Amino acid sequence: MLTDLFSPSVQHWLDIVGIFVFAISGALLGVRKNFDVFGMAVLAEVTALGGGLFRDLVIGAVPPAAFSDLGYFVTPLIATLIVFFLHPEVERITSAVNVFDAAGLGLFCVTGTVKAYAHGLGLTQSATLGLATAVGGGVLRDVLAHEVPSLLRWDRDLYAVPAMAGATTAALMLKFGALHGATNAIPVVVGCGLRLLAMRFHWRAPRAWHRRSAAAEEVAPGVGPNVTPRKATRR
Amino acid sequence: MLTDLFSPSVQHWLDIVGIFVFAISGALLGVRKNFDVFGMAVLAEVTALGGGLFRDLVIGAVPPAAFSDLGYFVTPLIATLIVFFLHPEVERITSAVNVFDAAGLGLFCVTGTVKAYAHGLGLTQSATLGLATAVGGGVLRDVLAHEVPSLLRWDRDLYAVPAMAGATTAALMLKFGALHGATNAIPVVVGCGLRLLAMRFHWRAPRAWHRRSAAAEEVAPGVGPNVTPRKATRR
Amino acid sequence: MLTDLFSPSVQHWLDIVGIFVFAISGALLGVRKNFDVFGMAVLAEVTALGGGLFRDLVIGAVPPAAFSDLGYFVTPLIATLIVFFLHPEVERITSAVNVFDAAGLGLFCVTGTVKAYAHGLGLTQSATLGLATAVGGGVLRDVLAHEVPSLLRWDRDLYAVPAMAGATTAALMLKFGALHGATNAIPVVVGCGLRLLAMRFHWRAPRAWHRRSAAAEEVAPGVGPNVTPRKATRR
């Protein structure tokens, strides 16, 4: 199957799967936040399509895929209905959903990189947009749900790094013209595999050095007028 | 008046009214959040123009109307000044403001749908953008003000549904070429009327089924690495 | 140096300096929020490039400068590394960083205004985009970090006003064709200087009149269905 990863039909179905799983995580957060069914649908749509929407706006591909492909738009609504009626059951298969989520992560970071590169962006920027495509939806979901984006939190298993690795691999393969046919699967497997390992072994990223030092604790004014002092963040 | 709803002059004045009322709600939230006058102005601008700005970016209509029509930009500033000096009086006429807000909701969901359709989007996507045009500003306002977007909250009278109904009606009428002249008023009245009824009878949307079930309560890890466990949302 | 403020080479280096300082404030907030190194990098990128990204999306300059110039993208990563290893030292030179931040503010509000005007926007809209260019990154940073945007807070020294003054000065000089060569420095100095004065003398902006009045305190329902009642904001 992965042999012709980017053949229109297969690609489309892979996208739908990724969108569906991302939408599930959005709808489930809606349940936890005690939102109504429409709030769940909004979170599902944003989680599933937000990353690609941002990518398309940046590369000037308007209307974005999210608004030109009906399947992309309807899928999150189906996910919302499933969660609405069956969320206890869905919660129970969390681990399965996480595996699919990792697959979606690996897929989207690669498709995002390839699409950005096809629109003439540099390799580094393409990889960055690939990363944004994969993780952007989750960040938007957390912001709308009034949560600290877990992408930024140190107490979460690595999520950005696997996407970064997948996108970088894809960019490098593009640079050397090695991304075609069967090889398309490689960066996807890299991103998806690293994410699965990060979940399995609870890999974390380091926080700033000496952050427990006095200097860090007793900072009063903050740097930059817009930065709230540390205390204020301790609600 | 509504006969030539979309004649340039009338349309423009209706837009100004809708923008003004949305801006009032933004500025009032600024007062409640204890922001200074500039914070109030930012919230007013974002609430009034955010939805249309998002729509224009998605359909590629740049510069967006918000940045090409001076009246659209100045109106929220006037609303800010009024709230700045008279907000106790403005609070007192809440119900009146809410009626105008419903009118703005009905109007924007239709104009958003029509403009998106005119830019070649499908009917479903056009209706979705119409919905986003009507409610997007309020969501941005709440996110900037560090509130849970009330659009997503179950304990609020229906807001998205009336806009959805108005946008869908407009899209269906577009499909059957029935949206012209006097009929332009129909979807606006649908959206505005449903919103007024929702406020009058406190219509709410349902939350996920069985959400009180044990399974839902004792969920620990959360689905998707980025989803914060339920407890964490109980601050 | 400022004589040819907008000569490609000089301009580029001034941009880099501004981006670097804004990135420092983003990374430092990441440290205070206890984010990991990748969260710090995300905040640094968003703070440094967010304002310009918004401006470029609005004027339709895609791909935005943030994604076409590698230097713009790499600089925040360098700032992140510095803060990661040396943040106690960086905290210690807060005041120095704030001076550079003021310089970046003055520079970006002018470059933003000029670029928007060059893309055919009106003078008022150009000045507004200039303001958004200068302060947008900080707002995005606070939203992602789950903080109340300090731009909106009354208990912060003026930040938007100096940028507004600089952008307005630039717009007026554009109107009268007086913005060229040496004069380019004037609006930058206006914005930067006012900001330095605001920090020195702790200038604040006024909040709504009578806001302590009973009417304001005991407001229950809120105006607009999406506005959370005052109490709710008192967490």
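Reading the values: rules and limits
Residues numbered from 1 in each chain as written. Chains lettered and ligands numbered in written order. Predicted model: local features only at pLDDT ≥ 70, side-chain atom pairs only at ≥ 80, totals over all residues. Heavy atoms only, no water. Helix = DSSP H or I, 4+ residues; strand = E, 2+ residues; numbered from the N terminus. Buried < 20%, exposed > 50% of the residue type's maximum accessible area, 1.4 Å probe, protein only. Least-squares fit on C-alpha atoms with pLDDT ≥ 70 in both. Contact = heavy atoms within 4.5 Å. UniProt positions renumbered as here; feature names shortened; annotations may be inferred. Buried area = accessible area lost by both parts, 1.4 Å probe. Salt bridge = Lys/Arg side-chain N within 4 Å of Asp/Glu carboxyl O. Polar contact = N/O pair within 3.5 Å; in protein donor to acceptor, adjacent residues only side chain to side chain. Nonpolar A, V, L, I, M, F, W, Y, C, P; charged D, E, K, R; others polar. Core = buried A, V, L, I, M, F, W, Y, C linked by side-chain atoms within 4.5 Å. Patch = residues over 30% accessible without salt bridge, like charges linked within 9 Å, V, L, I, M, F, W, Y side chains within 5 Å. Areas by Shrake-Rupley, 256 points an atom, 1.4 Å probe, with all protein chains shown as cover. Expected span 1.5 Å × (residues − 1). Lys, Arg positive; Asp, Glu negative; His and termini not counted. Axes fitted to C-alpha atoms, helices over the stretch in contact; angles between N-to-C directions. Parallel < 35°, antiparallel > 145°, perpendicular 65-115°, else oblique. Left-handed = near helix turned anticlockwise from the far one by under 90°. Bend = angle between axes of the 7 residues up to and from the residue.

### Section: the environment of I78 of chain B
All names here are of chain B. Along the chain, the position of I78 falls in helix α4 (residues 70-92). Given a relative accessible area of 42%, I78 falls into the partly exposed group. Separated by 54 residues in the primary sequence, I78 and I24 place their C-alpha atoms 9.3 Å from one another.

### Looking at the relation of the copies chain B and chain C
Superposing chain B onto chain C takes a rotation of 120° plus a shift of 0.0 Å along the axis, which leaves an RMSD of 0.0 Å. The transformation relating the two chain copies, once decomposed into turn and shift, fits a three-fold axis. A different interface surface on each copy is seen, since only 14% of the contact residues of chain B are contact residues in chain C too.

### Points about the UniProt feature "transmembrane region" (unreviewed entry) in chain A
All names here are of chain A. Those places that UniProt annotates as "transmembrane region" (unreviewed entry) correspond, in this numbering, to residues 12-30, 37-54, 66-86 and 185-203. For residues 12-30, the end-to-end C-alpha separation is 27 Å, with 100% helix and 0% strand making up the annotated structure. What you have in residues 185-203 is 89% helix and 0% strand, and the ends, taken at the C-alpha atoms, are 24 Å apart.

### Remarks on the interface of chain B and chain C
With 50 residues of chain B in contact, the opposing surface of chain C contributes 44 residues. When the two sides are added together, the surface that chain B and chain C hide from each other amounts to roughly 4200 Å², 65% of it contributed by carbon and sulfur. Summed over the three residues of chain B that lose the most area to chain C, namely R32, F67 and H146 of chain B, the buried surface amounts to 18% of that side. Across the contact surface, chain B and chain C share zero salt bridges. Across the chain B-chain C interface, the total number found is four residue pairs in polar contact (both at pLDDT 80 or more). Those elements giving two or more residues to the side of chain B that touches chain C turn out to be α1 (8-32), α2 (37-59), α3 (65-68), α4, α5 (94-118) and α6 (123-144) of chain B. Looking at the side of chain B that touches chain C residue by residue, the classes come out as 26 nonpolar, 10 polar and 14 charged.

### Quick notes on the nonpolar core
Ranked by internal contacts, the top residues of the largest apolar core, which has 192 residues, are L129 and V135 of chain A, L129 and V135 of chain B together with L129 and V135 of chain C. Not counting residues within four places of it along the chain, the set of residues in contact with L129 of chain A comprises F54, R55, V58, I59, A116 and L121 of chain A together with F67 of chain C.

### Points about a nonpolar patch on the surface
Where nonpolar side chains cluster on the molecular surface, the patch consists of L70, V74, I78, L81, I82, F85 and L86 of chain A together with W209 of chain B and spans about 670 Å² of accessible area. Note that F85 of chain A resides in helix α4 (residues 70-92).

### A look at helix α7 (residues 160-175) of chain B
Residues and elements named next belong to chain B. The first and last C-alpha atoms of α7 sit 22 Å apart over 16 residues, in line with the 22 Å expected at 1.5 Å per residue. Where α7 is buried, its residues meet α5, α6 and α8 (185-201). Remark: G177 follows α7 within two positions and exhibits a positive phi of approximately 55°.

### A look at the interface of chain C and chain A
Accessible area lost upon the coming together of the parts serves often as the stated size of an interface. In this assembly, 50 residues from chain C lie in contact with 45 residues from chain A. Here chain C meets chain A over a buried area of about 4200 Å², counting both sides, of which 65% is carbon and sulfur. Looking at the side of chain C facing chain A, the largest losses of area belong to R32, F67 and H146 of chain C, adding up to 18% of the total buried there. Run the count over chain C and chain A and you get four residue pairs in polar contact (both at pLDDT 80 or more). Only α1 (8-32), α2 (37-59), α3 (65-68), α4 (70-92), α5 (94-118) and α6 (123-144) of chain C provide two or more residues apiece to the side of chain C that touches chain A. When residues of the side of chain C that touches chain A are assigned to their parent elements, the largest contribution, nine residues, is made by α4 of chain C. Here the residues of the side of chain C that touches chain A are counted per class, giving 26 nonpolar, 10 polar and 14 charged.

### Remarks on the side chain of D36 of chain A
With respect to the element layout, D36 of chain A can be found in the loop between α1 (8-32) and α2 (37-59). One buried charged side chain, D36 of chain A, makes no salt bridge at all; its nearest oppositely charged neighbour is R204 of chain B, positioned 8.0 Å away. A polar contact of 2.9 Å, which involves the side chain of D36 of chain A, links it to the backbone nitrogen of F38 of chain A. Reaching out from D36 of chain A, the side chain makes a polar contact with the backbone nitrogen of G39 of chain A at a distance of 2.8 Å.

### Section: the environment of P206 of chain C
Mapped onto the elements of the fold, P206 of chain C is located in the loop between α8 (185-201) and α9 (214-217). Taking relative accessible area as the criterion, P206 of chain C reaches 43% and is therefore assigned partly exposed. Spatially, the C-alpha atoms of P206 of chain C and D155 of chain C are 9.8 Å apart, while their sequence positions differ by 51 residues. Excluding anything up to four places from it in sequence, P206 of chain C contacts D36, V37 and F84 of chain B.

### Some words on the pattern of salt bridges
Residues and elements named next belong to chain A. For the structure on display, the rule yields 24 salt bridges over all chains. In this structure, E147 and K33 form a salt bridge, with 3.0 Å as the shortest nitrogen-oxygen distance. You can see E147 sitting in the loop between α6 (123-144) and α7 (160-175) and its partner K33 sitting in the loop between α1 and α2, a full 114 residues away along the chain. The buried category is assigned to E147, whose relative accessible area is 5%. Members of the salt-bridge network, linked through shared partners, are R55, D56 and K115.

### Digging into the relation of the copies chain C and chain A
Superposing chain C onto chain A takes a rotation of 120° combined with a translation of 0.0 Å along the rotation axis, leaving an RMSD of 0.0 Å. The two copies present different faces, since only 12% of the interface residues in chain C are matched by interface residues at the equivalent positions in chain A.

### Some thoughts on the packing of α7 of chain A against helix α8 (residues 185-201) of chain A
Residue and element names in this part refer to chain A. Close contact between α7 and α8 brings their axes to 7 Å; oriented N to C, the two are set at 165°. Compared by their axis directions, α7 and α8 come out roughly antiparallel. As α7 runs across α8, the sense of the crossing is right-handed. On α8, the residues that touch P162, A165, G166, T169, A170 and M173 of α7 are I186, P187, V190, G191, L194 and R195.

### Some thoughts on the packing of α2 of chain C against α4 of chain C
Residue and element names in this part refer to chain C. Two numbers describe how α2 lies on α4: the axes approach to 9 Å, and their chain directions differ by 135°. For the element pair α2 / α4, the angle class is oblique. Along this stretch, α2 crosses α4, giving a crossing that reads as right-handed. Contacts from V37, M40, A41, A44, E45, A48 and L49 in α2 reach Y72, F73, P76, L77, T80, V83 and F84 in α4. Its residues assigned to classes, the contact of α2 with α4 comprises 12 nonpolar, one polar and one charged.

### Quick word on α2 of chain C
Residues and elements named next belong to chain C. Taking 1.5 Å of rise per residue, 23 residues should cover 33 Å, and α2 covers 33 Å from first to last C-alpha, within 8% of that figure. Along its length, α2 shows its largest kink, about 50°, at L49. In terms of residue burial, α2 counts as a mostly covered element, since 20 of its 23 residues are buried. Count one or two residues on from α2 and you reach G60, which has phi positive near 75°.

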